[in-house]
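Report on the structure
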Amino acid sequence: LKTMREKLNAIDDLNGSDEELVDRLKQAKSTYQELESHGPEIEALQTRIAEITSQYKCGELAPIAKDVAMLKTKYEAALQKARKVETGVETSLHNSLEEVHQDQTRWLTAAVDKVSWCQDTAGDKYSIEAKLATINDLISSQDHGKQKTAVLSQKMELLRASLDKDRQSELESKEKTAQKD
């Protein structure tokens, strides 16, 4: 239990690259599963102490029962900490993805607005020149938009393997929308 708590303390850090955070998320999930696997053992220990206490009715078992109760309390605290670490890292990764998605969406919205403004060919010479400059700006910033979409796809791919099925389907729909747009 102590080793697992130390492991949790080591991975309870939201700093670093996305790859490091995904690695920490996987470690948190495996630690949680490992902790969960020990739950039945602690329950069995409590049950056995209760059986022995009721069978022999001696006061010498009270400290052992107290120790087992303390162990269960520490176990539950470690389980809660594992869930907290897992949720925190997952939320951090999701927020990072949302920031990239919003950045890509802002760029795309601005580009669409520029395109719709340029579609109206009516106007004087200066208006047409301004629209031509906007079109040139759109052409030059197209690579920037593709780069934003590629970064978004890369982050989604990185996160896809570490998230649950509901969040994976949410990511896939966002990725399809981003690629289509």
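Presented here is a report on the structure given in the accompanying data block.

Calculation criteria
Residues numbered from 1 in each chain as written. Predicted model: local features only at pLDDT ≥ 70, side-chain atom pairs only at ≥ 80, totals over all residues. Heavy atoms only, no water. Helix = DSSP H or I, 4+ residues; strand = E, 2+ residues; numbered from the N terminus. Buried < 20%, exposed > 50% of the residue type's maximum accessible area, 1.4 Å probe, protein only. Contact = heavy atoms within 4.5 Å. Expected span 1.5 Å × (residues − 1). Core = buried A, V, L, I, M, F, W, Y, C linked by side-chain atoms within 4.5 Å. Patch = residues over 30% accessible without salt bridge, like charges linked within 9 Å, V, L, I, M, F, W, Y side chains within 5 Å. Areas by Shrake-Rupley, 256 points an atom, 1.4 Å probe, with all protein chains shown as cover. Salt bridge = Lys/Arg side-chain N within 4 Å of Asp/Glu carboxyl O.

1. Some remarks on the environment of Val-68
- Looking at where Val-68 falls in the secondary structure, it is placed in helix 4 (residues 62-118).
- Classification of Val-68 as buried rests on a relative accessible area of 8%.
- Spatially, the C-alpha atom of Val-68 lies 9.4 Å from that of Glu-43, the residues being 25 residues apart in sequence.
- With sequence-adjacent residues up to four places away left out, Val-68 is seen in contact with Leu-45, Gln-46 and Ile-49.

2. Re helix 2 (residues 18-37)
- Look at helix 2: 28 Å from first C-alpha to last across 20 residues, which is about the 28 Å you get at 1.5 Å a residue.
- Regarding helix 2, the residues found buried are Asp-18, Leu-21, Val-22, Arg-24, Leu-25, Ala-28, Thr-31, Tyr-32 and Leu-35.
- Where helix 2 is buried, its residues meet helix 1 (2-11), helix 3 (39-56), helix 4 and helix 5 (125-160).

3. Side note on the nonpolar core
- Ranked by size, the top nonpolar core spans 23 residues in total, and within it Leu-35, Val-89, Leu-93, Leu-97 and Leu-159 carry the most contacts.
- Secondary-structure elements contributing two or more residues to this core are helix 1, helix 2, helix 4 and helix 5.
- Every residue in contact with Val-89, bar those within four places of it in the chain, is listed here: Ile-11, Leu-14, Leu-21 and Leu-25.

4. What about a nonpolar patch on the surface?
- Taken together, Leu-1, Leu-45 and Leu-71 make up a surface patch of nonpolar side chains, about 200 Å² in accessible area.
- Positionally, Leu-1 belongs in the segment before helix 1.
- With a relative accessible area of 31%, Leu-1 lands in the partly exposed category.

Read these as layout, nothing more, since geometry by itself doesn't imply function.
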